[in-house]
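Breakdown of the fold
Single-letter residue listing:
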Amino acid sequence: MLARLPRPFAVLFALAFAAALAWCFAAPSQAIVKAAPGNYTDMQLYREIAARMDKGESYYAAATAQQRLHDYPTKPFVTVRLPTLYWLAHTFGWLRLGTLEIALLLANAALWPLAMPGPLTRTERGAIGFAVFLGGLACASPALTPMSETWCGLLIGLATALTLWRKAPWWLPLACIAAALTVRELAFAFVPLAAAFAWADGRRRELVAWGMLAVFFAAGLFFHAQAVAGHVLPGDLSSPGWSSGLGLRGLLQALVGTTLLQQLARGPAMALALLPLLGWLALEWRAGRFVLLCLAGYALAIALFPRPDNFYWGFLLLPAWAAGLALVPRGAWQLGRAISRR
């Protein structure tokens, strides 16, 4: 898309992007809220819920009791995770689930180079696979296997790549999102976008399938809410809500805090987290509009809604967002060409 910009707009975009990169180094520091060493963490909570299920408790009894024990809110019902991941852990164990998560990361790394549209070089496609692998490496960490957002990010990434890949049947991305919805309701944003594209392209069967998935998900969420309500006590804590509005800084810090970029200094890390935008804008509009709208939607949600301690929502963009990093040279070349064009 950058190659098609008229020269004045290309100059304005280059100045705005350069200003955003400079802001990454000058923005006031705001530390990500993490648990202090020795404090009780979400990972402990999720593993202990599964351990209570191993002893014979039902999921909802175990989850609400464990959250109440450690002063976690149980209201509203979304503060209690959907049960699927913990049923699987109870049945197969966390180790086997971790192996499956690694397999999902490798599937992303293998599929994204094949799925990317346009006349990309072999070097670019290889770099895309490597960027996807590194960008999603934290998702496959055994310590984070109980975190539902890592599963959602891997499944959303796989569904997005399958949507781009013309050889893939339409039901494969639908199956990936259906699996993601059994783990975390945040994956639902993919559904109306996919349905809108199916409607615009006249794919009626696919449109009906996405609509049915939305109906089944709504029904499942209703039964989940009823099950949670049956175990909530009057004195249970309520969540303070999700409306922190941390903006671009919150988005970039979420991406830094969920990738290997957290090992770098804050300024360079935030700038590197922003660079994939330039790469994604190098795609041809007709081919890249779906992935851009999908990633932009989740990025906007992360910028506007989570609390300061919800930085792990950044996993929802990974590893798909990282693929754009391999396209940054192409994006810079296109932008330079648009600026130099008479």
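Computed from a predicted model, the values in this text were never measured in an experiment. (Residues numbered from 1 in each chain as written. Predicted model: local features only at pLDDT ≥ 70, side-chain atom pairs only at ≥ 80, totals over all residues. Heavy atoms only, no water.)

**Here's the deal with the packing of aromatic side chains**
Under the defined criterion, the tally for this structure stands at 13 aromatic pairs. Here Phe-188 and Phe-217 contribute two aromatic rings whose centre-to-centre distance is 5.3 Å and whose plane-to-plane angle is 15°, an arrangement assigned as stacked. Taken together, the residues Phe-188 in the loop between helix 8 (171-181) and helix 9 (190-200) and Phe-217 in helix 10 (residues 204-229) connect sequence positions 29 residues apart. Taking the relative accessible area as the measure of exposure, Phe-217 reaches 13% and is therefore buried. Ring centres of Phe-197 and Phe-290 lie 5.1 Å apart, and the angle between their planes is 80°; this geometry places the pair in the edge-to-face category. Note that Phe-197 is positioned in helix 9 and Phe-290 in helix 14 (residues 285-304), a separation of 93 residues in sequence. For the pair formed by Phe-197 and Phe-290, the shared burial category is buried. Here the aromatic cluster, defined as three or more aromatic residues joined through ring pairs, consists of Tyr-46, Tyr-59, Tyr-60, Tyr-86 and Trp-94. (Phe/Tyr/Trp six-rings, centres within 6.5 Å; stacked < 30°, edge-to-face > 60°. Helix = DSSP H or I, 4+ residues; strand = E, 2+ residues; numbered from the N terminus. Buried < 20%, exposed > 50% of the residue type's maximum accessible area, 1.4 Å probe, protein only.)

**Overview of unusual backbone geometry**
The amide bond that connects Lys-75 to the next residue, Pro-76, takes the cis arrangement and shows omega of -5°. Along the chain, Pro-76 falls in the loop between helix 3 (59-69) and helix 4 (84-92). A cis amide bond, omega 5°, links Leu-318 with the succeeding residue Pro-319. For Pro-319, the location among the structural elements is in the loop between helix 14 and helix 15 (320-323).

**As for the confidence of the model for the protein**
Taken residue by residue, the protein gives an average pLDDT of 92. The fraction at 70 or more is 96%. No element of the protein has a lower mean pLDDT than helix 14, which averages 88, and none a higher one than helix 8, which averages 98. (pLDDT = per-residue confidence, 0-100.)

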